[in-house]
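Chains, contacts and geometry: an overview
Spelled out from the first residue to the last, the chains are:
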Amino acid sequence: MINEQQLPPLIVSDELINERGIMVFDNIHQMLIYGEPYIAPYITISMCVQGWVDAEYDMRPVRFEAGDIAVVHAKHTVCVYRSSDDYHAIQLSISPQIEEELKGLLPSVYIDFYHYIWQPAFHLTKDQQTNMIHAMQLLKYISLSKMPERELLLKGMLHLMAVLLRNYRIENGHVDHFTTPRQELFMRFHQAIVEHFRESREVRFYADLLCLTPKHFATIIKQQTGINALQWINNYVIIQAKTLLRNRRQLTIQQITHQLGFSDQAAFSRYFKTHTGLSPSEFRARN
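A quick note: this is a predicted structure, and the numbers were derived from the prediction, not measured. (Residues numbered from 1 in each chain as written. Predicted model: local features only at pLDDT ≥ 70, side-chain atom pairs only at ≥ 80, totals over all residues. Heavy atoms only, no water.)

Quick word on the packing of helix 7 (residues 181-196) against helix 10 (residues 229-247)
Relative orientation of the contacting elements helix 7 and helix 10 amounts to 35 degrees, with a least axis distance of 10 Å. Like other packed secondary-structure pairs, helix 7 and helix 10 cross with a definite hand, here right-handed. Side by side, helix 7 and helix 10 meet where F186, F189, I193 and V194 of the first sit next to A229, W232, I233 and Y236 of the second. Among the residues making up the contact of helix 7 with helix 10, the classes are represented as eight nonpolar, no polar and no charged. (Axes fitted to C-alpha atoms, helices over the stretch in contact; angles between N-to-C directions. Helix = DSSP H or I, 4+ residues; strand = E, 2+ residues; numbered from the N terminus. Left-handed = near helix turned anticlockwise from the far one by under 90°. Contact = heavy atoms within 4.5 Å. Nonpolar A, V, L, I, M, F, W, Y, C, P; charged D, E, K, R; others polar.)

Focus: the nonpolar core
Ranked by internal contacts, the top residues of the largest apolar core, which has 37 residues, are F189 and F217. Counting residues per element, the ones that place at least two in this core are helix 7, helix 8 (203-209), helix 9 (214-225), helix 10, helix 11 (253-259) and helix 12 (265-276). The greatest single-element share of this core, amounting to ten residues, is contributed by helix 10. Every residue in contact with F217, bar those within four places of it in the chain, is listed here: L185, F189, V203, Y206, A207, L210, L212 and A229. Counting residues in hydrophobic clusters, the runner-up holds 27 residues, among them F122, L124, A135 and I142. (Core = buried A, V, L, I, M, F, W, Y, C linked by side-chain atoms within 4.5 Å. Buried < 20%, exposed > 50% of the residue type's maximum accessible area, 1.4 Å probe, protein only.)

Some words on the side chain of K242
Here K242 lies in helix 10. Sequence-distant contacts of K242, defined by excluding residues within four places in its chain, comprise E36, F272, T276 and F283.

Considerations on the sheet that holds strand 8 (residues 88-94)
Spatially, 1-8-3-6-9 is the arrangement adopted by the five strands of the open sheet, whose pairing is antiparallel. Two strands bound the open sheet, and with one partner strand each, they are strand 1 (22-28) and strand 9 (121-123). Direction aside, the axes of adjacent strands within the sheet are offset by 15 degrees on average. In this sheet, strand 6 (residues 68-72) lies alongside strand 3 (residues 43-50) in antiparallel orientation, the contact comprising four bridges. (Pairing = 2+ DSSP bridges.)

Examining unusual backbone geometry
Although it is not a glycine, M59 adopts a positive phi angle of roughly 65 degrees. Structurally, M59 is set in the loop between strand 4 (52-57) and strand 5 (60-65). Exposure remark for M59: the relative accessible area of 17% places this residue in the buried category. With a phi angle near 75 degrees, K75 is a residue other than glycine that sits in the positive phi range.

Focus: the packing of aromatic side chains
Under the counting rule described, the total for this entry stands at nine aromatic pairs. Seen from their ring centres, F197 and Y236 are 5.4 Å apart, and the 65 degrees between their planes marks the pair as edge-to-face. Taken together, the positions of F197 in the loop between helix 7 and helix 8 and Y236 in helix 10 put the pair 39 residues apart, joining distant regions of the chain. Using a relative accessible area of 4% as the deciding quantity, one classes Y236 as buried. Of the aromatic side chains, those joined through ring pairs into one cluster are F262, F268, Y271, F272 and F283. In this structure, R63 packs its charged tip against the face of W52, placed 4.3 Å from the ring centre. Here R201 stacks its cationic end above the ring of Y271, 5.6 Å away from the centre of that ring. (Phe/Tyr/Trp six-rings, centres within 6.5 Å; stacked < 30°, edge-to-face > 60°. Lys NZ or Arg CZ within 6 Å of the ring centre and 35° of its normal.)

Overview of the pairing of strand 7 (residues 77-83)
Consecutive side chains of a regular strand alternate in pointing toward one face of the sheet and then the other. Among the seven residues that make up strand 7, five are buried, leaving the element largely enclosed by the rest of the structure. In the sheet, strand 2 (residues 38-39) pairs with strand 7 via two bridges, with the strands oriented antiparallel. Note on strand 7: the bridge partner recorded for Y38 is V78. Relative to strand 7, strand 4 is paired through five bridges, and the arrangement is antiparallel. Residue A55 lies in a different strand from strand 7, and its bridge partner there is V80.

Such coordinate-based values are descriptive only and should not be taken to indicate function.
Have a look at this one:
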């Protein structure tokens, strides 16, 4: 029987994480996909115990090294290019339900997580690393238990972890600034893509949604992120398409076309080939 704790987190079913609320994976030695972006399904807190990973987070290059801790937000994109042979990490995955409850119960603490959109990782001292490992091990124990107070303890431990991370950032010299209007606009734009990418892939649609002229909107997004608004939209749609083609093989390409909001299969195939150089069927055959 396969031990689920030995599997990369992306293999574990959504149902299992949603059922437990959180899951801790303490023996990660490789990533599931290399060289292909994917959309993080959950908010995750990862600590690199040994080795390193070279990746992109929201199309920005990052290196995740021993002693680093990172918070990756749900629905944001990650692409791992390579990892060292000795790579070892611990990862905590938090279900959408628990995330929503944290937003309601602990809004001031949860807002701290927004800082990781702009800087996903920072380095911990040896003592801080030890404390975080102990916290994650305790979370793992609680998450697997059947004690009546399990859910209350989980939320309390997540609150403690968020406070520790905030204090460690301050202790290690990371100054958190208030979110600027342009950063707030990007966050709203990103959320709008998540919610509406099936409806429209046009910049004007999102500019109208955010009450800005297309030109002004496109200028702000480009200046804030270094990437133009249309590229953000297309990147998100293509990652969704690749994920369905690779991981949902029971779906026909026509069904995927419908799920992604394209008018017909020919339109989806043209769009996909324009951005990847392959037709959907060719991509599926190669993966």
